[in-house]
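# Observations on the model geometry
Each chain is listed here by its residues.
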Amino acid sequence: MRMSRRGWMAVAGGAVGATLAGAIGGWAQTASTRPAGDDVLKGVIDFHCHSGPDVIGRSINDFEVVRQAKAARMRAIVLKNHYTMTADRAELAEQEIGGIEVFGGITLNRSVGGLNPEAVRKMVQMDGRRGRVVWLPTFDSEAQVKAAGENRPFVSVVKDGQVVPDLKEIIGICAQEHLILAMGHVAASESLVILPEAKQAGVMRLLVTHAMSVPGGATDEQLKQMAALGAYVEMTWLATLPGSSTRPTAKGLAGQVSLADYVRVIRMIGAEHVLISSDMGQMQRPTHVAAMRAFVLALQAGGLSDAETDLVARKNSAGLLGLEG
C-alpha cells in the first residue's frame, strides 16, 4: 500500500567465505542464471541508486533504473545524487513509469549551499512530495576531504564536539517533516555526536550511510552504539567490489568490505538494525538490479534466514520510507 503524498565479492577466508564464493560465483553469473521472473527481488527496496543525468558519468538514467527495478518486482528505489536534489526527478520517474515507488532526497554538499535549511525546505515542498532523505555531506564532508589529503573547502557538521547551528536547524526540519536523516560521508565519530542530538529533537528516522565504508570505517563498538541509538546501519554492494579504494578519496569510499564481515556485523547488532542497498550507477559496474540480486543471494548463502533477509532487504527500508504493509 502506498503512503499518502503527505503523510566480486570480497569474502574473507573460512567457512562463510567458501560458502559465499561457491553459492554466488560473482554478480554476473548470478544475474545471468537467475530467471528474470524469480522472486529474489520481489518487494526489495534499493535505498541508494545513482543514475543520470549527473555531473559524474553514470551507466544508466533515472527512467532506466526505475524500469529495471519494476521489471524485477522491486517495491521501491531511492534516487541519490551528490550534487543536486532528486525529489523532482523521483516524481517524474514515478509519473512516467508507475507501478513502483520512487523517492529522492537532497545531499548537503557545497553545490546546494552545504548545510542549507532552505534547500531542505524546498525539497520537502517539491511537487509530489517524493523527497524523503536528507544526506549530510558526502564528497564535501570534512572527514572525506581531510582523509583524501585534499586542500579545498569542506562542510563541517560538528565543531568542538557540538553539532553546528545550521545542522541543528536542519535536524528540526527533519523532525517536523518526518524526514530520514542520513549521515552521508561524515566520520563515524561525528555521527555519534549527531545521532543523539537528532533523536532528542524528535527525528525518528536515522540512517548511517554505508557505515562500514565511510572515511576510516565505523568500529564494532561504534556500530553497536549507532544501533543502540535507533539508527539503521546501511551496507552497500559497491563496498564489496574489487577495485574499491583502499583509502578514502573525493571519488571513492573507504576500503573494500567483505561479505563475511557484513554477515558478522548483522549477527552482532541484529538484522533489525541493518538495511542493504546497491550504491550502483558507476560506469563498468553491475546494474542496480543485478547488484541487489547478488547481495540478497550472498547474504542467504552466508547463513541469513529468510526472516533476516526480509528485514535487511525489505522491511527496514519500508519502515524508514513510511511505506505501509
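Please refer to the structure placed before this passage.
Throughout this description, residue numbers start from 1 for each chain and increase along the sequence as written. Local features are withheld for residues below a pLDDT of 70 in this predicted model, meaning they are given only at 70 or higher, and side-chain atom pairs are given and counted only at 80 or more; totals for whole chains, interfaces and linings count all residues. The side-chain figures draw on all heavy atoms in the structure; neither hydrogens nor water molecules are used.

### Comments concerning the overall build of the protein chain
Heads up, the condition is: Put simply, DSSP H or I for four residues or longer makes a helix, DSSP E for two residues or longer makes a strand, and each gets a number counted from the N terminus. Per-residue accessibility, obtained with a 1.4 Å probe over protein chains only, is compared with the maximum for each type, and a residue is labelled buried under 20%, exposed over 50%, and partly exposed between these values. Reported accessibility uses the Shrake-Rupley method at a 1.4 Å probe radius. Residues are deemed covered only where the shown protein chains occlude them.
Within the protein chain one finds 12 helices and 10 strands. With 325 residues in all, the protein chain has 58% of them scored as buried. As presented, the protein chain carries roughly 12,500 Å² of accessible surface, and 51% of it is formed by carbon and sulfur atoms.

### Considerations on the packing of helix α5 (residues 117–125) against helix α7 (residues 165–177)
Note the cut-off: Note on definitions: angles span 0 to 180 degrees between N-to-C directions of axes, and those axes are lines fitted to C-alpha atoms, for helices only across the stretch in contact. We call two directions roughly parallel when the angle between them is under 35 degrees, roughly antiparallel when it is over 145, roughly perpendicular when it lies between 65 and 115, and oblique otherwise. A clockwise turn of the near helix away from the far one marks a right-handed crossing, whereas an anticlockwise turn of less than a right angle marks a left-handed crossing. In this description, contact between two residues means that some pair of their heavy atoms is separated by no more than 4.5 Å. Residue classes follow a fixed rule: Ala, Val, Leu, Ile, Met, Phe, Trp, Tyr, Cys and Pro count as nonpolar, while Asp, Glu, Lys and Arg count as charged, and any other residue, Gly among them, counts as polar.
Between α5 and α7, the least distance of the axes is 9 Å, while the angle of their chain directions is 15°. Judged by the inter-axis angle, α5 sits roughly parallel to α7. The two elements α5 and α7 meet at a crossing, and its hand is right-handed. Judged by residue contacts, Pro117, Val120, Arg121 and Val124 of α5 engage Asp166, Glu169, Ile170, Ile173 and Glu177 from α7. Of the residues contributing to the contact of α5 with α7, the split by class is five nonpolar, no polar and four charged.

### Notes on the pattern of salt bridges
Note the following rule: Think of a salt bridge as a Lys or Arg side-chain nitrogen and an Asp or Glu carboxyl oxygen that are within 4 Å of each other.
Applying the stated criterion to the full structure yields 17 salt bridges. For the salt bridge of aspartate 39 with arginine 73, the shortest nitrogen-to-oxygen distance reads 2.4 Å. With aspartate 39 in the loop between α2 (27–33) and β1 (45–50) and arginine 73 in the loop between α3 (62–71) and β2 (76–80), this residue pair connects regions lying 34 residues apart in the sequence. Accessibility expressed as a relative area gives 48% for aspartate 39, which makes it partly exposed. Salt bridges here are not isolated pairs; linked through shared partners, they connect Glu118, Arg121, Lys122 and Glu169.

### Quick look at α7
To be explicit about the condition: Here a helix's expected span is defined as the number of its residues, less one, multiplied by 1.5 Å.
Here α7 spans 19 Å end to end across 13 residues, near enough to the 18 Å set by a 1.5 Å rise per residue. Here α7 has its buried residues at Leu167, Ile170, Ile171, Ile173, Cys174 and Ala175. Here the buried face of α7 lies against α5, β4 (131–135), β6 (162–163), β7 (180–182) and α8 (188–201).

### Notes on α3
Heads up, the condition is: An arc is given here, and it is the one of the directions from the helix axis to the C-beta atoms.
Asp62, Val65, Val66 and Ala69 are the residues of α3 that are buried. Summarising the axial view, the buried residues of α3 lie within an arc of 100°, below the 170-degree limit, and thus occupy one face. Here the buried face of α3 lies against β2, α4 (87–97), β3 (101–107) and α11 (288–301).

### A word on the packing of aromatic side chains
Which entries qualify depends on this criterion: Ring geometry is summarised as follows: Phe, Tyr and Trp rings, the Trp one being its six-membered ring, pair when their centres sit within 6.5 Å, and such pairs are stacked at plane angles under 30 degrees, edge-to-face over 60 and tilted between the two.
Summed over all chains, the structure comprises three aromatic pairs. Taken together, the aromatic side chains of Trp237, Tyr262 and Phe295 make up a single cluster linked through ring pairs.

### Quick notes on the environment of leucine 108
For leucine 108, the location among the structural elements is in the loop between β3 and α5. Leucine 108 gets classed as buried once you look at its relative accessible area, which sits at 0%. Sequence separation of leucine 108 and valine 120 is 12 residues, and the distance between their C-alpha atoms is 8.7 Å. Once residues within four sequence positions are removed from consideration, leucine 108 is found in contact with Gly114, Leu115, Val120, Val134, Trp135, Leu136, Pro137, Val155 and Ile170.

### Quick notes on the side chain of aspartate 140
By secondary structure assignment, the location of aspartate 140 is in the loop between β4 and α6 (142–147). Ignoring anything within four residues of it in the chain, the contact list for aspartate 140 reads Asn109, Arg110, Ser111, Val145, Arg152, Phe154 and Val155.

### Structural notes on the sheet that holds strand β10 (residues 274–277)
Put simply, the test is: DSSP-based pairing: two strands are paired if at least 2 bridges between them are found.
Spatially, β1-β2-β3-β4-β7-β8-β9-β10 is the arrangement adopted by the eight strands of the open sheet, whose pairing is parallel. For this open sheet the edge positions go to β1 and β10, each flanked by a neighbour on one side alone. Put simply, the sheet's adjacent strands are angled 30° from each other on average, direction ignored. With four bridges connecting them, β3 and β4 associate as parallel partners. The residue bridging isoleucine 106 from the neighbouring strand is valine 134, located in β4. Strands in contact with α3 are β2 and β3; relative to β2, the strand with the most contacts, it is inclined by about 160°.

### Some remarks on the packing of helix α9 (residues 220–228) against helix α10 (residues 259–269)
Packing of α9 against α10 leaves a shortest axis separation of 10 Å and a crossing angle of 50°. Considering the angle they form, α9 stands oblique to α10. Read as a crossing pair, α9 and α10 show a hand that is right-handed. Contacts between α9 and α10 pair Asp220, Leu223, Lys224 and Ala227 from the former with Arg264, Val265, Met268 and Ile269 from the latter. Looking at the contact of α9 with α10 residue by residue, the classes come out as five nonpolar, no polar and three charged.

### Here we look at the pairing of strand β8 (residues 205–208)
How we decide: Think of it like this: strands point away, you trace from the first strand over the helix to the second, and a clockwise trace means the crossover is right-handed.
The pairing of β7 with β8 spans three bridges and is classified as parallel. From the neighbouring strand, isoleucine 180 faces β8, where its bridge partner is arginine 205. With two bridges joining them, β8 and strand β9 (residues 232–236) adopt parallel strand pairing. Residue pairing for β9: valine 208 is matched across the bridge by valine 233. Handedness of the β8-α9-β9 crossover: right-handed.

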